[in-house]
2 protein chains.
Amino acid sequence: MKDKNFLMIPGPTPVPESVLLAMAKHPIGHRSSEFSKILEEVYANLKYVFQTENDVFMFASSGTGAMDAAISNLVNEGDDVLSLVLGNFGNRWAKIAAGYGANVDKITVNAGEVINPEDVKNKLAEKKYKIVTLTHSETSTGAKNDVKTICQIIRDAGSISVVDGVTSVSAMDVKPDEWGIDVLVSGSQKGFMIPPGLAFLTANERAWKVHEECKHPSFYFSWDAHRKSVRENSTPYTAAVNLIFALQEALRRIKEEGLENIFARHERLALGLRHSLRAMGLELLVKDDKNASYSITSVLPPEGISVPDIRSHMTKDFDIVVANGQNELKDKIFRMGTLGFVSDRDLLTAVSSLETVLARLGYKFDVGIGTKTAIEWLNK
Amino acid sequence: MKDKNFLMIPGPTPVPESVLLAMAKHPIGHRSSEFSKILEEVYANLKYVFQTENDVFMFASSGTGAMDAAISNLVNEGDDVLSLVLGNFGNRWAKIAAGYGANVDKITVNAGEVINPEDVKNKLAEKKYKIVTLTHSETSTGAKNDVKTICQIIRDAGSISVVDGVTSVSAMDVKPDEWGIDVLVSGSQKGFMIPPGLAFLTANERAWKVHEECKHPSFYFSWDAHRKSVRENSTPYTAAVNLIFALQEALRRIKEEGLENIFARHERLALGLRHSLRAMGLELLVKDDKNASYSITSVLPPEGISVPDIRSHMTKDFDIVVANGQNELKDKIFRMGTLGFVSDRDLLTAVSSLETVLARLGYKFDVGIGTKTAIEWLNK
């Protein structure tokens, strides 16, 4: 049904009406005092969401832009970088660093698994790395690293930790200052509940020291230019004014709901979804709930039923968009987002729709058991 | 009056209601076939607006991002770059190139003046440069370079021309293929009539050859990744979906009006404004109309009247935003945009409002002469 689209992908995520309407206002001058006041509020609220006392920079870019902003402000040709790879996005860190001339080693795990902190400790004992990159919530698999433990190991080894929080910040607890994350990035079309086009980065003093040795940092993503601007409630280059109108409204909503409540909501929905899917006899890519992201759940199709069939029925019959797997996981899994502007009602909607589709496609199971499990989960 | 804002700055520019409403739609998946169809249309229409047969890349970034995308895909440490500098934005090219380790020489002219093509010819005869950067319409002064002549000289010398068309493309005639511009960039919040957050770049085969020698090109602004994606009606990283909804609508409007008519409209409004301002006894920073941009007009305040007073009265009394000068031109000039979604009516509004403000501030002149001149200009 036209305009009845419900996004259950890991981004873009659904956007609240008040955010869409804020975005639809006529732009104002990005150098006006009116806009400066908006930036003041936005920058303060970004620090709240990022749970940091350090500046949070905002770029007009996708989340990959913020990843580039991290590496291109830290790496010189010939630097040693270790990338901890859970999937596609963990691998993107390695590609970016290699592109700027770093020598990149990797610890790679199978899809759905997470990094064993002991392996990191051993690797860092063998060789000194300037930078270690990792992913909090791996969007391509739905696995979640133990960032707190790993970043402590990285710090103890004297390296800088660079963390992709694109699908975790504002959805799952991540405390850069407390956990010792040196650089943390995120993007707008995820837990922030606004359309794509803004990305964020925060760096601590340890990272700044490494940055100071960077010979040719990115111009557009310049940390120095952004720090100067943030402190003047400005932006170094033209701000994406209307996306920032949207962000202002979304951050107000986030503050009103409260981070703790938001984290609990994501946990409740993701775990409720996982229980319901398992009750339907489906296999999940991430086996252990303690390694599961609360933003995205990867599901294997039942034997004899194809991922494209499931996805196309979900879209055609119910206007629900779920994501395919990426690269070698294409058509092997489908991915269901519970990220951002997603409610208890959406859990019921998603599970009952998927049950209907699977029954329609001939999957033999106890039809209704998924929804029953979700209902019991919400009522427990 | 609240919500009565009229932007007469060189960006952001006014946005048509149909574009704002297109942008306010719920986002859709950026990897969906529905979005791919939108990209197919957008990429084709961008080629129309850029008057090129080459691919036009689209970045989620400000215009400065596209400038960075040009230099960071061409320059290696130690390369020789010549920057032709009319003002702030001409100088930005030099800063970007120097940041990436290039040896940058400059030809700099006084504010309001333009580059003499003979000076470029002589400079290029003295020394071989890999890249020459220049600005079509210099946003900080309102001066316009003779890009066609200069780019021919650059080509004859065997260098690559890199042109800032941020406030010219889709407002003033610029023909990269015909004029031999090797790299041309622009931004969305200008003639494109959409809010800031998208930027564009097109490069020809000569530029691609130089790119192939670039050792560490930008990851986020990668030409290779963007070329591959454009040809698949996709984007390499998450697209700024809602800004692209806006762009789709704006490009349809541009095609409907027709580039020739749009160029004529910008010329009519800019020259009408210049005649009217002169009739009021005001001095313009760009003396000669043939060197004047049709996007932006820089005006010196009458003696004894300050730029801040003019700007604040324009805003407070009439909700019209005009820009201050930048850097050393701050408070020395004010800048009036006639860029994008601007009509004949707006010329009358701007001139009559400015006349009222100047009279209110005690400037002695033939009150009404500016508007009379504008009326006669439109009726001639």
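Details of the structure are given in the entry above.
On a predicted model such as this, the values are computed, not experimentally measured, just so you know.

Each value, and the rule that gives it
Each chain has its residues counted from 1, running along the sequence as written. Numbering of ligands from 1 and lettering of chains from A proceed in the order in which they are written. A pLDDT threshold of at least 70 governs which residues receive local features in this predicted model, and a stricter bar of 80 or more applies before side-chain atom pairs are shown or counted, although totals over entire chains, interfaces and linings include all residues. Side-chain calculation: all heavy atoms of the structure are included, whereas hydrogens and water are not. Any residue under 20% of the maximum accessible area for its type is buried, any over 50% is exposed, and the rest in between are partly exposed; the area is computed with a 1.4 Å probe on protein chains only. Strands here are runs of E lasting at least two residues and helices are runs of H or I lasting at least four, both read from the DSSP assignment and numbered beginning at the N terminus. Here, any two strands with at least 2 DSSP bridges between them count as paired. Least-squares superposition of the copies uses the C-alpha atoms of those residues scoring a pLDDT of at least 70 in each of them. Pairs of residues are marked as contacts when any of their non-hydrogen atoms sit within 4.5 Å. What counts as a salt bridge is simple: a side-chain nitrogen of Lys or Arg found within 4 Å of a carboxyl oxygen of Asp or Glu. As used here, buried area is the combined drop in accessible area, with a 1.4 Å probe, of two parts when they are placed together. Three classes are used: nonpolar for Ala, Val, Leu, Ile, Met, Phe, Trp, Tyr, Cys and Pro, charged for Asp, Glu, Lys and Arg, and polar for all others, with Gly counted as polar. Angles shown run from 0 to 180 degrees and are taken between the N-to-C directions of axes, each axis being a line fitted to C-alpha atoms and, for helices, limited to the stretch in contact. A pair of Phe, Tyr and Trp rings is counted when the ring centres sit within 6.5 Å of each other, with Trp represented by its six-membered ring. The angle between the planes then sorts it: under 30 degrees is stacked, over 60 is edge-to-face, the rest tilted. Definition used: whenever NZ (Lys) or CZ (Arg) falls within 6 Å of the ring centre and also within 35 degrees of the ring normal, the charge is taken to sit over that ring.

Notes on the pairing of strand 2 (residues 56-60) of chain B
Residue and element names in this part refer to chain B.
Consideration 1: With five of its five residues buried, strand 2 lies for the most part within the structure.
Consideration 2: Side chains Val-56, Met-58 and Ala-60 project from strand 2 onto one buried face, and the interleaved Phe-57 and Phe-59 project onto a second face that is buried too.
Consideration 3: Relative to strand 10 (residues 198-203), strand 2 is paired through five bridges, and the arrangement is antiparallel. What sits directly across from Phe-59, in strand 10, is Ala-199.

Points about the relation of the copies chain B and chain A
What relates the two chain copies is a rotation about an axis together with a slide along it.
Consideration 1: If you rotate chain B by 180° and push it 0.0 Å along the axis, it lands on chain A with an RMSD of 0.0 Å. The symmetry that links the two subunits is that of a two-fold axis.
Consideration 2: A symmetric contact is evident, with 100% of the interface residues of chain B recurring at the interface of chain A.

A few points about the pattern of salt bridges
Consideration 1: This model, assessed by the stated rule, comprises 38 salt bridges over all chains.
Consideration 2: The residue Asp317(B) makes a salt bridge to Arg360(B) at a minimum N-O spacing of 3.0 Å. Residue Asp317(B) is found in helix 12 (residues 307-318), and its partner Arg360(B) is found in helix 13 (residues 344-360); the two are separated by 43 residues along the sequence.
Consideration 3: Connected through shared salt-bridge partners, Asp79(A), Lys130(A) and Glu213(A) make up one network.

As for the interface of chain B and chain A
Consideration 1: Listed as interface residues are 48 residues of chain B and, on the opposing side, 48 residues of chain A.
Consideration 2: Together chain B and chain A conceal approximately 3500 Å² of surface at their shared face, both sides included; 68% is due to carbon and sulfur atoms.
Consideration 3: Here chain B is connected to chain A by zero salt bridges.
Consideration 4: Those elements that place two or more of their residues in the side of chain B that touches chain A are helix 1 (17-23), helix 3 (63-71), helix 4 (88-99) and helix 10 (241-257) of chain B.
Consideration 5: The leading source of residues in the side of chain B that touches chain A is helix 4 of chain B, at four residues.
Consideration 6: The class makeup of the residues in the side of chain B that touches chain A is 24 nonpolar, 18 polar and six charged.

Remarks on the sheet that holds strand 4 (residues 103-108) of chain B
Residue and element names in this part refer to chain B.
Consideration 1: Read across the open sheet, the seven strands follow the order 2-10-9-8-5-3-4; overall the sheet is mixed. Bordering the open sheet on either side are strand 2 and strand 4, each of which pairs with just one other strand. Taking each pair of neighbouring strands and ignoring which way they run, the sheet shows an average axis angle of 20°.
Consideration 2: In this sheet, strand 4 lies alongside strand 3 (residues 80-85) in parallel orientation, the contact comprising six bridges. Paired with Val-81 across the bridge in strand 4 is Val-104.

Some words on the packing of aromatic side chains
Consideration 1: For the structure on display, the rule yields 23 aromatic pairs over all chains.
Consideration 2: Relative to Phe200(A), the ring of Phe192(A) has its centre 4.7 Å away and its plane inclined at 40°; by these criteria the two rings are tilted.
Consideration 3: Given a relative accessible area of 0%, Phe192(A) falls into the buried group.
Consideration 4: Exposure remark for Phe200(A): the relative accessible area of 0% places this residue in the buried category.
Consideration 5: In this structure an aromatic cluster arises from ring pairing among Phe59(A), Phe219(A), Tyr220(A), Phe221(A), Tyr237(A), Phe59(B), Phe219(B), Tyr220(B), Phe221(B) and Tyr237(B).
Consideration 6: The ring of Tyr294(A) has Lys144(A) sitting right over it, with the charged end atom 4.2 Å from the ring centre.

Concerning the pairing of strand 10 of chain B
Residue and element names in this part refer to chain B.
Consideration 1: Of all six residues that make up strand 10, six are buried, and the element is covered over most of its length.
Consideration 2: The side-chain alternation of strand 10 yields two buried faces, one formed by Leu-198, Phe-200 and Thr-202 and the other by Ala-199, Leu-201 and Ala-203.
Consideration 3: Bridge count for strand 9 (residues 183-187) against strand 10 is five bridges, and the pairing is antiparallel. When the sheet's bridge partners are listed, Leu-184 is paired in strand 10 with Thr-202.

Details of the sheet that holds strand 12 (residues 296-300) of chain A
All names here are of chain A.
Consideration 1: Ordered by their spatial adjacency, four strands build an open sheet running 11-12-15-14, and the pairing between neighbours is antiparallel. The sheet is open, and its two edges are formed by strand 11 (283-284) and strand 14 (323-324), each paired on a single side.
Consideration 2: In this structure, strand 12 lies alongside strand 15 (residues 334-337), joined through four bridges in antiparallel fashion. Residue pairing across strands places Ser-298 opposite Arg-335, the latter belonging to strand 15.
Consideration 3: In the packing of helix 11 (residues 259-279) onto the sheet, the strands contacted are strand 11, strand 12 and strand 15, and the crossing angle to strand 12 comes to about 10°.

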